[in-house]
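Here's the letter readout for the chains.
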Amino acid sequence: DWCRFSQILAPVFQESYTKVLEEFPEPGRVLFGKVDCEHETTLGTRFHISKYPTLKLLMNGKVMKREFRGQRSADSIDPIKHIQNFDEFNKIDETKASLIAYSSSLPNTLQDYNIYRKVAIDLRDDCSFYWVTGDPSHSHLADGKSLTVLFKPSRSKPNDNDLTYPGVLQSYDELSTWSTDKCIPLVREITFENAEELTEEGLPFVILFHAPDDKHSIDVYTKVVQTELLSESGNVNFLIADGLKFAHPLHHLGKTQKDLPLIAIDSFRHMYLFPNFNDIEIPGKVKTFLQDLYSGKLHREFHFGADPVTNEIPAQIAGQTSPPESTFAKLAPSRNRYTLLKDEL
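Residues numbered from 1 in each chain as written. Predicted model: local features only at pLDDT ≥ 70, side-chain atom pairs only at ≥ 80, totals over all residues. Heavy atoms only, no water.

Per an unreviewed UniProt entry, the chain goes by Thioredoxin domain-containing protein and derives from Medioppia subpectinata.

So, in structure tokens, the structure goes:
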């Protein structure tokens, strides 16, 4: 009760509950709960609450991976923005990747809308979702189609083309798989805006630092990740970072912008530099680098030098320095202060 921002959110949360109850009146269909983490300290620890107020969504008995980060208003419950004219599409916010459903009918006349909405709920943190209704003769509804789903990359990726969903909207699994692949690519860009969210996932970062105009190294890095490191996607986050914007981590690694491109691992404890970027295309080289992280070899070698051929444990080398401390861990949610993001209260 002492938190001012929790006090501000309280009536909004109550209004949201009232609106949801009107739409889903069945008992137990949707539940709203409030937890005072000052008294329920075990629950606060269990759900990794680091600032107040925090909104979490539980579905099918599981906590969704990320906290809710959208605008905290009752009307933001619906993850889909509705537009009544195809021409209005040009006015949408392109700073975020989008999925757009072009339809000749209003959503409440289509069974497909419920499946589209389920996918929007799953991916609302990663993509914006639109449902646009308009003239059935529009080019987006050519060949007699009554519905077309389009993926539009963010404007930060001007070289990427819009993609049309090739499957049928009646299949949640098909649409979810396709949309997830587009909204959450295997290799993502880290920015100061999404760094906190990425650190919350708790996975080490494998980061390509590149010059802003260097597209070649991004393509090479992405290809290696897709062809050799797909099995590691559940263990680490593969990221790219603008080396000019993230000059501070480079400084910790003893590097400057002149050394770009380069690859590093941030384990949230230390940072480890891949020795030579040009070795990235040697089969198995980056994967071995990752295995050395898992085994603790990278950490040992910073303290004791290269592992010996024998099984003897080497004595610590006097004056040997530790690996650079993690810099991205400092962008994680603070445990000592309460933070607000730009579109929150």
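### Structural notes on the overall build of the chain
Helix and strand counts for the chain come out as nine helices and twelve strands. Taken over 345 residues, the chain has a buried fraction of 40%. Carbon and sulfur atoms make up 51% of the accessible area of the chain, which totals about 20200 Å². (Helix = DSSP H or I, 4+ residues; strand = E, 2+ residues; numbered from the N terminus. Buried < 20%, exposed > 50% of the residue type's maximum accessible area, 1.4 Å probe, protein only. Areas by Shrake-Rupley, 256 points an atom, 1.4 Å probe, with all protein chains shown as cover.)

### Comments concerning unusual backbone geometry
The step from leucine 260 to proline 261 runs through a cis peptide bond, and the omega angle for that step is 0 degrees. Here phenylalanine 268, not a glycine, exhibits a phi torsion of approximately 70 degrees, which is positive. Relative accessible area serves as the criterion here: at 24%, phenylalanine 268 is assigned to the partly exposed category.

### Some thoughts on the pattern of salt bridges
Counted under the stated rule, the structure contains four salt bridges. Note that glutamate 26 and arginine 29 form a salt bridge whose closest N and O atoms lie 3.1 Å from each other. Taking the relative accessible area as the measure of exposure, glutamate 26 reaches 40% and is therefore partly exposed. Two residues, lysine 182 and aspartate 181, come together in a salt bridge whose shortest N-O distance is 3.1 Å. (Salt bridge = Lys/Arg side-chain N within 4 Å of Asp/Glu carboxyl O.)

### Let's talk about the sheet that holds strand β7 (residues 163-164)
Pairing is mixed across the open sheet formed by five strands, whose spatial order is β3-β5-β4-β6-β7. Two strands lie at the open edges of the sheet, namely β3 (80-83) and β7, each paired on one side alone. Summarising the sheet, strand β4 (residues 98-103) and strand β5 (residues 128-133) pair through six bridges and their orientation is parallel. When the bridges of β5 are listed, tyrosine 102 appears paired with valine 132. (Pairing = 2+ DSSP bridges.)

### Some words on the nonpolar core
Counting residues in each nonpolar core, the largest one holds 23 residues, and the members touching the most others are Val206, Tyr221, Phe238, Ile263 and Ile280. Among the elements of the structure, β9 (205-210), α6 (216-228), β10 (237-242), β11 (262-266) and α8 (285-295) are those that each provide at least two residues to this core. It is α6 that contributes the most residues to this core, five residues altogether. Setting aside residues no more than four positions away along its own chain, phenylalanine 238 makes contact with Leu186, Val187, Arg188, Val206, Tyr221, Val225, Leu229, Glu232, Ser233 and Leu290. Ranked by size, the runner-up nonpolar core spans 22 residues in total, among them Leu110, Tyr116, Val149 and Trp178. (Core = buried A, V, L, I, M, F, W, Y, C linked by side-chain atoms within 4.5 Å. Contact = heavy atoms within 4.5 Å.)

### Points about the state of the cysteines
Here the structure, examined in full by the defined rule, presents one disulfide. Shown here is the disulfide that connects cysteine 127 with cysteine 183, its sulfur atoms set 2.1 Å apart. Taking the sign of the S-S torsion, -110 degrees for the link of cysteine 127 and cysteine 183, the bridge is left-handed. Taken as a pair, cysteine 127 in the loop between α3 (112-123) and β5 and cysteine 183 in helix α4 (residues 172-183) lie far apart in primary sequence, 56 residues in all. A relative accessible area of 8% places cysteine 183 in the buried class. (Disulfide = S-S within 2.5 Å.)

### Structural notes on the packing of α3 against α4
Each pair of packed helices can be summarised by the angle the axes make with each other and by the distance between the axes. With their axes 10 Å apart at the nearest point, α3 and α4 run at an angle of 35 degrees to one another. Between α3 and α4 the crossing geometry is right-handed. Across the interface between the two elements, Ile115, Tyr116, Lys118, Val119, Asp122 and Leu123 from α3 touch Tyr172, Leu175, Ser176, Ser179, Thr180 and Cys183 from α4. A per-class count over the contact of α3 with α4 returns seven nonpolar, three polar and two charged. (Axes fitted to C-alpha atoms, helices over the stretch in contact; angles between N-to-C directions. Left-handed = near helix turned anticlockwise from the far one by under 90°. Nonpolar A, V, L, I, M, F, W, Y, C, P; charged D, E, K, R; others polar.)

### Here's the deal with the sheet that holds strand β8 (residues 187-189)
Judged by pairing direction, the sheet is mixed, and its five strands sit side by side in the order β8-β10-β9-β11-β12 without closing on themselves. The open sheet has two edge strands with one neighbour each: β8 and β12 (271-273). On average, each strand axis in the sheet is inclined to that of its neighbour by 30 degrees, with strand direction left out of account. With six bridges connecting them, β9 and β10 associate as parallel partners. Bridged to phenylalanine 205 within β10 is asparagine 237. The sheet contacts of α6 involve β8, β9, β10 and β11, and relative to β9 the element is tilted by about 160 degrees.

### Thoughts on a negative patch on the surface
Together, Asp1, Asp36, Glu38 and Glu40 make up a negatively charged patch on the protein surface. Note that aspartate 36 resides in the loop between α1 (4-23) and α2 (41-46). (Patch = residues over 30% accessible without salt bridge, like charges linked within 9 Å, V, L, I, M, F, W, Y side chains within 5 Å. Lys, Arg positive; Asp, Glu negative; His and termini not counted. Charge placed at Lys NZ, Arg CZ, Asp CG, Glu CD.)

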